[in-house]
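Geometric and topological summary
Below are the chains, spelled out letter by letter.
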Amino acid sequence: MSSCSATAAWSGGHQPSYGDAVEKSLMFFEAQRSGKLPNDQRVKWRGDSALHDGFSQGADLVGGYYDAGDHVKFGLPMAFSITMLAWGAAEFRKEITSLNQMDHALRAVRWGTDYILKAHPQPDVLWAQVGDGDSDHYCWERAEDMTTPRNAYKLDHENPGSDLAGETAAALAAASLAFRPYNSSYSDLLLVHAKQLFSFADRFRGQYDDSVESAQEFYPSSGYSDELLWGATWLYRATGEQKYLKYAIDNAGSMGGISWGMKEFSWDTKYAGVQVLLSKVLMDNPYSPYASILKQYQAKAEYFTCACMQKNDGYDVDRTPGGLMYMHEWNNMQYVSSASFLLAIYSVYLSAPKAQVVCPEGQVQPQDLLYFAKSQGDYILGKNPKSISYLVGYGQSYPTHIHHRGASIASISVLQSAVGCVQGFDAWYHRPEGNPNVIHGALVGGPDKNDRFYDDRSNYEQSEPTLSACAPLIGLFSKLQSAYAAPEAPVQFLHSITSSWNHGGATYYRHQVIIKNTSQKPVSDLKLRIENLSGSFWGITATQEKNIYQLPHLQVLKPGSQYVFVYVQGGPQAKISVVSYH
């Protein structure tokens, strides 16, 4: 069933298509691929790029993901994005599988993990970054035309980075869980690297941006203690080895795990994620010998939860007048998506033991957490004061001036001549028109604290998408689809072309559509949304609403029966979906 437009979907009181949002979000990761693209690449406006990354420094760093609207491969947000993708794939396996998206989800994870394996050639060496933000941002060019320096930066004994190595260990451990039912040998390989990286992070302490100074301006680290706890916690979850749980218990105080109450969960700040994961350890085994420390972790998970729900005695996450969580002026949506995902996860963990959260300003049930996460997802998809979807390509109204080099310049398949570094600014960046390529599934930075949004390529605080913003959406929307999606429509559509002819140099087709009642009950008052219908039609009646059609008066489809209508037009077939029925 195709998605309704964001605006129409809300005005009619219909649920959005979370399944469509999952599919679109996974497309974004294909748009961000670096390296040699596979034959089954779905985003056709992209081509091969950065095919020699690392070569000049004796490493093979081809692959991985570009971070945002630029072409730097930043290690910390990329690793966090892989952790979020893999957590969603492992936690919501049933939900993603029912949407037929597990293959795409695992491919998205593996495009990242295969790169990480290359970037970790020795136990205590991790390549942290390829490209330089300053020189990269000086140019506006497609990845396929890249002329900027591709310097690579590595961590080792002399140049430690416990935050990046810890996060990368977490990513590989989470990915090993996601792959375990499908490819156990690959899952085992990921764990070997995860354990080595965690050991490296723990033994050689330091912040990665002290070793890779060019990252400071773009992804500065606030510290590495949270990533050490995060890496240990994920390794415990993936291996069941007690030494990793003991690490999180023994270092709970000194590393801030039970002292930091957070109002944010992001590529930089993992405490809330650690606290939620360890709350599950406690709920699974209330009589654990570590119960007293685990309860202190859970208290901080509840601090985060209560802050998001605005029941935390004033220590709350702000919201816009339209109800969106508001944490940062710059790319606020990435903090909304990761927090909403974490709340959805915590609601699942709390539901099993039938637990609840006791906040300073009242109790919160698991279903309240999920419903609030839904409100944030719905805001993203169009239920907001501007009635636009902030997920590009979803619905009928979404931003078109995305701050993204590849999306804003004609595809290499259309414009084969190179677009130069400065030429890109003159010819493409400053164009008033929308981008020539729709970057499906890109979650833009989003509106300001008053729900205002300016769809402008130069307004990168609001119009630039990032990996770390999009990655949590796969798990979030999969869960929302299973929890809130409307039941399947009781009819199926069978399209066929019964004849074609040429007239005036154009080809016209006679399309026949069979509507079959696949349910056990009669269907009446069937209303259809038909998009891209440009020609004449017979057997259906147009209504006052745009794109909405109904069957002739009093037409009832008995169980198993069919109804046929016909239309004639050139070009592709129309898109048909069910709006309502009795």
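Predicted model, so just to flag it, every value in this text is computed and none were measured. Each chain has its residues counted from 1, following the order in which its sequence is written. Only residues with pLDDT of at least 70 are given local features in this predicted model, and only at 80 or more are side-chain atom pairs given and counted; all residues enter the totals for whole chains, interfaces and linings. To obtain the side-chain values, all non-hydrogen atoms of the structure were used and water was disregarded.

Pairing between two strands requires that DSSP report at least two bridges joining them. The helix and strand labels rest on DSSP assignments: H or I over at least four residues marks a helix, E over at least two residues marks a strand, and numbering proceeds from the N terminus. Spatial strand order, S8-S9-S14-S11: four strands in an open sheet with antiparallel pairing. Edge positions in the open sheet fall to strand S8 (491-503) and strand S11 (536-538), since each of these has one partner strand only. Sheet twist, expressed as the average angle between the axes of neighbouring strands with direction ignored, equals 15 degrees. In the sheet, S8 pairs with strand S9 (residues 506-517) via 12 bridges, with the strands oriented antiparallel. Bridge pairing links Gln 492 to Lys 516 in S9. Only C-alpha atoms enter the line fits that serve as axes; for helices the fit covers just the stretch in contact. Angles between N-to-C directions range over 0 to 180 degrees.

The definition used for a disulfide is geometric: two cysteine sulfur atoms within 2.5 Å. The final tally for this structure, using the stated rule, is two disulfides. Here Cys 139 connects covalently by a disulfide to Cys 421, the sulfurs 2.0 Å from one another. Every disulfide takes its handedness from the sign of the S-S torsion; for Cys 139 and Cys 421 that torsion is -90 degrees, giving left-handed. Here the residue Cys 139 occupies a position in the loop between helix H6 (133-137) and strand S3 (152-155), and Cys 421 occupies one in the loop between helix H16 (405-408) and helix H17 (423-429), the gap between them amounting to 282 residues. For the pair Cys 139 and Cys 421, a shared accessibility class is recorded, and that class is buried. Each sulfur in the disulfide pair Cys 306 and Cys 359 lies 2.0 Å from the other. Across the disulfide from Cys 306 to Cys 359, rotation about the S-S bond amounts to roughly -90 degrees, and the bridge is consequently left-handed. In this pair, Cys 306 sits in helix H13 (residues 291-308) while Cys 359 sits in strand S6 (residues 357-359), placing the two residues 53 residues apart along the sequence. This pair shows no difference in class: Cys 306 is buried, exactly as Cys 359 is. Cysteine pairing for the chain, with bonded cysteines counted in sequence order: 1-4, 2-3. Cysteine Cys 308 shares no disulfide, and the gap to the nearest cysteine sulfur, in Cys 306, comes to 9.4 Å. Burial status follows relative accessibility: with a 1.4 Å probe on protein chains alone, a residue under 20% of its type maximum counts as buried, one over 50% as exposed, and anything between as partly exposed.

Phe 29, Trp 87, Trp 230, Phe 265, Tyr 346, Ile 439 and Phe 477 are the most contacted members of the largest nonpolar core, which has 153 residues in total. At 12 residues, helix H14 (residues 333-351) tops the list of elements feeding residues into this core. Put simply, a nonpolar core is a bunch of buried Ala, Val, Leu, Ile, Met, Phe, Trp, Tyr and Cys residues held in one set by side-chain atoms that sit within 4.5 Å of each other.

It is worth spelling out the packing of helix H3 (residues 75-91) against helix H7 (residues 162-179) at this point. Here H3 crosses H7 at 25 degrees, and the two axes come no closer than 8 Å. Regarding the angle of H3 to H7, the classification is roughly parallel. Here H3 runs over H7; the crossing is left-handed. Each of Gly 75, Leu 76, Ala 79, Phe 80, Ile 82, Thr 83, Ala 86, Trp 87, Ala 89 and Ala 90 in H3 lies in contact with H7, whose residues at this interface are Asp 163, Leu 164, Glu 167, Thr 168, Ala 170, Ala 171, Ala 174, Ala 175, Leu 177 and Ala 178. Angles below 35 degrees are treated as roughly parallel, those above 145 as roughly antiparallel, those between 65 and 115 as roughly perpendicular, and all remaining angles as oblique. The crossing is said to be left-handed when, going from far helix to near helix, the turn is anticlockwise and less than a right angle, and right-handed when the turn is clockwise. Contacts were defined at the residue level, with two residues in contact if any of their heavy atoms lie within 4.5 Å.

Attention shifts here to unusual backbone geometry. You will see that Gln 310, though not glycine, has its phi angle at about 55 degrees, which is positive. Tracing the backbone through its elements, the reader meets Gln 310 in the loop between H13 and strand S4 (318-319). Residue Gln 310 is classed as partly exposed on the basis of its relative accessible area, which comes to 32%. With a phi close to 60 degrees, Asp 313 is a non-glycine residue in the positive phi region. Its location among the elements puts Asp 313 in the loop between H13 and S4. Residue classification places Asp 313 among the exposed residues on the basis of a relative accessible area of 55%.

What follows deals with H13. Expected span, for any helix, means 1.5 Å times one less than how many residues it has. Here H13 contains 18 residues, and its C-alpha end-to-end distance of 25 Å stays within 8% of the 26 Å for a straight helix at 1.5 Å per residue. Residues of H13 that are buried include every one of Ala 291, Leu 294, Tyr 297, Gln 298, Ala 301, Glu 302, Phe 304, Thr 305, Cys 306, Ala 307 and Cys 308, and no others. Of the residues flanking the end of H13, it is Gln 310, one or two places downstream, whose phi is positive at about 55 degrees.

Bringing the packing of aromatic side chains into the picture now. Centre distance within 6.5 Å is the pairing criterion for rings of Phe, Tyr and Trp, where only the six-membered ring of Trp is used; planes under 30 degrees apart are then read as stacked, over 60 as edge-to-face, and the remainder as tilted. Applying the stated rule across the entire model yields 26 aromatic pairs. Taking 6.0 Å as the distance between ring centres and 75 degrees as the angle between the ring planes, the aromatic pair formed by Phe 28 and Phe 29 counts as edge-to-face. Per residue, the accessibility class of Phe 28 equals that of Phe 29, and both read buried. Note on Trp 230 and Trp 234: the rings are 5.9 Å apart at their centroids and 85 degrees apart in plane angle, and the pair reads as edge-to-face. Residue Trp 230 and its partner Trp 234 are located together in helix H10 (residues 225-239), separated by four residues, close to a single helical turn. An aromatic cluster of three or more residues is present, and its members are Phe 80, Trp 87, Trp 230, Trp 234, Phe 265 and Phe 341. In this scheme, Lys NZ or Arg CZ marks a charge over a ring once it lies within 6 Å of the ring centre and within 35 degrees of the ring normal. The ring of Trp 111 carries the charged tip of Arg 33 above its face, separated from the ring centre by 4.5 Å.

So, to be careful, I would describe these as geometric facts and stop short of saying anything about function.
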